[in-house]
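Letter by letter, the chains look like this.
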Amino acid sequence: MSARFEEIDWRPTPMGDISLRRRRDPLSGDDVYEVKLGDEYLMSSLFTTGEIELTRIGLAELSEGPLDVVVGGLGLGYTARTALDDPRVRSLIVVDTLAEVIDWHRRGLVPLGEGLATDPRCRLVLGDFFAMTTGGVATDEEPSADAPRGLDPETPGRRFHAILLDVDHSPRHVLHPRHAVLYTRAGLTSLAELLLPGGVFALWSNDPPDDAFGAVLAEVFTDTAAHVVDFDNPLQGGKASNTVYVARRRDG
């Protein structure tokens, strides 16, 4: 039987101290893995419905394969694992800004790590998703045509069938101020250019649907929607919810 609590890893990063912890749930007896950045809880294996549904809802918009997919934010790996469980997915790039998180997976310190790190379809890429997507756009203006952008370091300018993003708490509650530009018209326009025509962008949010952000999303994409995902919350009792935004790139 595992110990009741263990700090598996702790390291300083440019975004703050990050730690991977494992504790035994007193009700189920299961091991729960948690990630904290500073004093904030980033993720927990106790709550994975939103991360899983981000992939399921996003990829459900694509009827045919094979599919080339990007996940922004590795975390505990549930979004990426769900993508690899879809037989249509031919290739998956997972971008994370923290080498420590990628290292946890490659060393098998988290339950899904070894399966992701050894799957030949999956590449774990160290990089700033936001800088790679927006090419240095700093204000709500049209992105520069010559700005370097791309989510595949081996193939600059490569386009994908789907981009799934789970990094910030919500478009309004970002982990770093530089992330905020992605959620503007300029940032979303830059992201859309990395999708194939008809490709899908899906975004996880911990907040209820945001009409203002939805309006910006609709300026850039077509067929936009905000899906509320409900799940059980054993810590507080009752139900909790996340939001998954889905938008399709125009075919033109």
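Digging into the packing of aromatic side chains
Overall, the coordinates contain five aromatic pairs when judged by the stated rule. Among the aromatic residues, those joined into a ring-pair cluster are Tyr183, Phe213 and Tyr245. Over the face of the ring belonging to Tyr41 we find Lys36, whose NZ or CZ atom lies 4.8 Å from the ring centre.

What about the sheet that holds strand E3 (residues 31-37)?
The four strands lie next to each other as E1-E2-E3-E4, forming an open sheet whose pairing is antiparallel. The outermost strands of the open sheet, each flanked by one partner alone, are strand E1 (5-13) and strand E4 (40-44). Shown here is a sheet whose adjacent strand axes are inclined to one another by a mean of 20 degrees, direction ignored. Here E3 pairs with E4 via four bridges, running antiparallel.

Thoughts on the side chain of Thr82
The residue Thr82 is located in helix H2 (residues 78-84) in this model. When sequence neighbours within four positions are dropped, the list of residues in contact with Thr82 reads Ile52, Thr55 and Arg56.

Focus: helix H1 (residues 49-60)
Look at H1: 16 Å from first C-alpha to last across twelve residues, which is about the 16 Å you get at 1.5 Å a residue. Here H1 has its buried residues at Gly50, Glu51, Ile52, Leu54, Thr55, Ile57, Gly58 and Leu59.

Points about unusual backbone geometry
Pro66 follows Gly65 through a cis peptide bond whose omega is 0 degrees. With respect to the element layout, Pro66 can be found in the loop between H1 and strand E5 (67-72). Not every positive phi belongs to a glycine, and Asp223 is a case in point at roughly 50 degrees. Tracing the backbone through its elements, the reader meets Asp223 in strand E10 (residues 222-232). Residue Asp223 is classed as exposed on the basis of its relative accessible area of 54%.

Considering the pattern of salt bridges
Within the structure shown, the criterion is met by 22 salt bridges. The residue Glu34 makes a salt bridge to Arg23 at a minimum N-O spacing of 2.8 Å. One end of the pair, Glu34, is in strand E3; the other, Arg23, is in strand E2 (residues 16-24), with eleven residues separating them in the sequence. On the basis of relative accessibility, which here comes to 7%, the residue Glu34 falls in the buried class. On the accessibility criterion, Arg23 (18% relative accessible area) is buried. Among the salt bridges present, the one from Asp152 reaches Arg158, with a minimum N-O distance of 2.8 Å. Of the residues examined, Asp152 reaches a relative accessible area of 4% and is grouped as buried.

Definitions and cut-offs
Here the residue numbering is sequential within each chain, running from 1 through the sequence in written order. Local features in a predicted model are, by the rule used here, given only for residues with pLDDT of at least 70; side-chain atom pairs are given and counted only at 80 or more, and totals for whole chains, interfaces and linings are based on all residues. Only heavy atoms go into the side-chain values, all of them from the structure, while hydrogens and water stay out. Planes of paired rings set the category: under 30 degrees apart is stacked, over 60 is edge-to-face and the rest tilted, where pairs are Phe, Tyr or Trp rings (Trp by its six-membered ring) whose centres lie within 6.5 Å. The rule for a charge over a ring is simple: NZ of Lys or CZ of Arg within 6 Å of the ring centre, and within 35 degrees of the ring normal. By definition, two strands form a pair when at least two bridges between them are found by DSSP. Secondary structure elements are defined from DSSP: runs of H or I of at least 4 residues count as helices, runs of E of at least 2 residues count as strands, and each element is numbered from the N terminus. All axes here are fitted lines through C-alpha atoms, helices being fitted over the stretch that makes contact, and every angle between N-to-C directions spans 0 to 180 degrees. Contacts were defined at the residue level, with two residues in contact if any of their heavy atoms lie within 4.5 Å. Take the residue count of a helix, subtract one, and multiply by 1.5 Å to get its expected span. Here the term buried applies to any residue with accessible area under 20% of the maximum for its type, exposed to any over 50%, and partly exposed to those in between, with areas from a 1.4 Å probe on protein chains only. Put simply, a salt bridge is a Lys or Arg side-chain nitrogen that is within 4 Å of an Asp or Glu carboxyl oxygen.

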